[in-house]
Amino acid sequence: MDSIFTKIIKGEIPSYKISENENFFAFLDINPNAKGHTLVIPKKQVDKLFDLDEQTYTELFAYTKKVAAAIEKVIPCNRVGLTVIGLEVPHAHVHLIPLNTMSDASFSKPKAQLSQIEFIELAAKISKAMDS
Ligand code: 5GP
């Protein structure tokens, strides 16, 4: 069965896409801890990150590094943090979260609220920063 993220990759569910290549896809988290919270996923649907084959695992982090650099260019923050959870969506993914305080890394605090326009503009800015 396709995961919700596979449906996003296929375009069956909309997303605020930042970038993709043959094997990976990056998009804004719909319920962000902080503005710019991004998910990076392999197109290959595997539940647990540490079950990915070596090549996909390594390339996922190389791709994640590029996305993180683009986020840092666009979002004023102390640094971009990386978290792996996976309790909600059984499709391996990395959370990239702009951090200013420790609480920005918390999934228990109130979420950042963005309008649809803000999501669209933010994804476009980070996407553009990936090319620059
Ligand atoms: P985890 O599986 O790592 O515990 O959490 C899954 C993450 O995916 C959550 O931060 C949640 O907000 C995000 N998420 C769940 N469904 C969707 C969706 O349909 N679109 C987007 N953009 N994010 C989603």
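Residues numbered from 1 in each chain as written. Predicted model: local features only at pLDDT ≥ 70, side-chain atom pairs only at ≥ 80, totals over all residues. Heavy atoms only, no water.

Engineer: Let's hear about helix α2 (residues 54–74): which residues, and what values?
Structural biologist: Taking 1.5 Å per residue, 21 residues should reach 30 Å; α2 reaches 31 Å between its end C-alpha atoms and fits that length. The inward-facing, buried residues of α2 contact β1 (17–20), β2 (24–28), β3 (38–42), β4 (79–83), β5 (94–99) and α3 (116–131). (Helix = DSSP H or I, 4+ residues; strand = E, 2+ residues; numbered from the N terminus. Expected span 1.5 Å × (residues − 1). Contact = heavy atoms within 4.5 Å.)

Engineer: I'd love a proper account of the site of the ligand, names of residues and values included.
Structural biologist: Taken together, 16 residues surround the ligand, and among them D29, G86, V89, H93 and H95 come closest. Within the backbone of L28, an N or O atom sits 2.9 Å from a nitrogen atom of the ligand. One of the side-chain N or O atoms of D29 is found 2.5 Å from an oxygen atom in the ligand. Mapped onto the shell around the ligand, the elements with two or more residues apiece are α1 (4–9) and β2. In the shell around the ligand, the residues fall into 10 nonpolar, 4 polar and 2 charged. (Near = heavy atom within 4 Å. Polar contact = N/O pair within 3.5 Å; in protein donor to acceptor, adjacent residues only side chain to side chain. Nonpolar A, V, L, I, M, F, W, Y, C, P; charged D, E, K, R; others polar.)

Engineer: Please provide a residue-by-residue account of the nonpolar core, values included.
Structural biologist: Within soluble globular proteins, side chains that are nonpolar tend to cluster in buried spots. L28, V40, L60, V67, I71, L96 and I126 are the most contacted members of the largest nonpolar core, which totals 27 residues. Going through the elements one at a time, β2, α2, β5 and α3 are the ones with two or more residues in this core. The element contributing the most residues to this core is α2, with 6 residues. If near-sequence neighbours (up to four positions away) are discounted, I126 is found in contact with I18, L28, A70, I71 and V74. With 7 residues, the next largest nonpolar core counts I8, F25, I41 and V89 among its residues. (Core = buried A, V, L, I, M, F, W, Y, C linked by side-chain atoms within 4.5 Å. Buried < 20%, exposed > 50% of the residue type's maximum accessible area, 1.4 Å probe, protein only.)

Distances and angles like these do not, on their own, reveal function.
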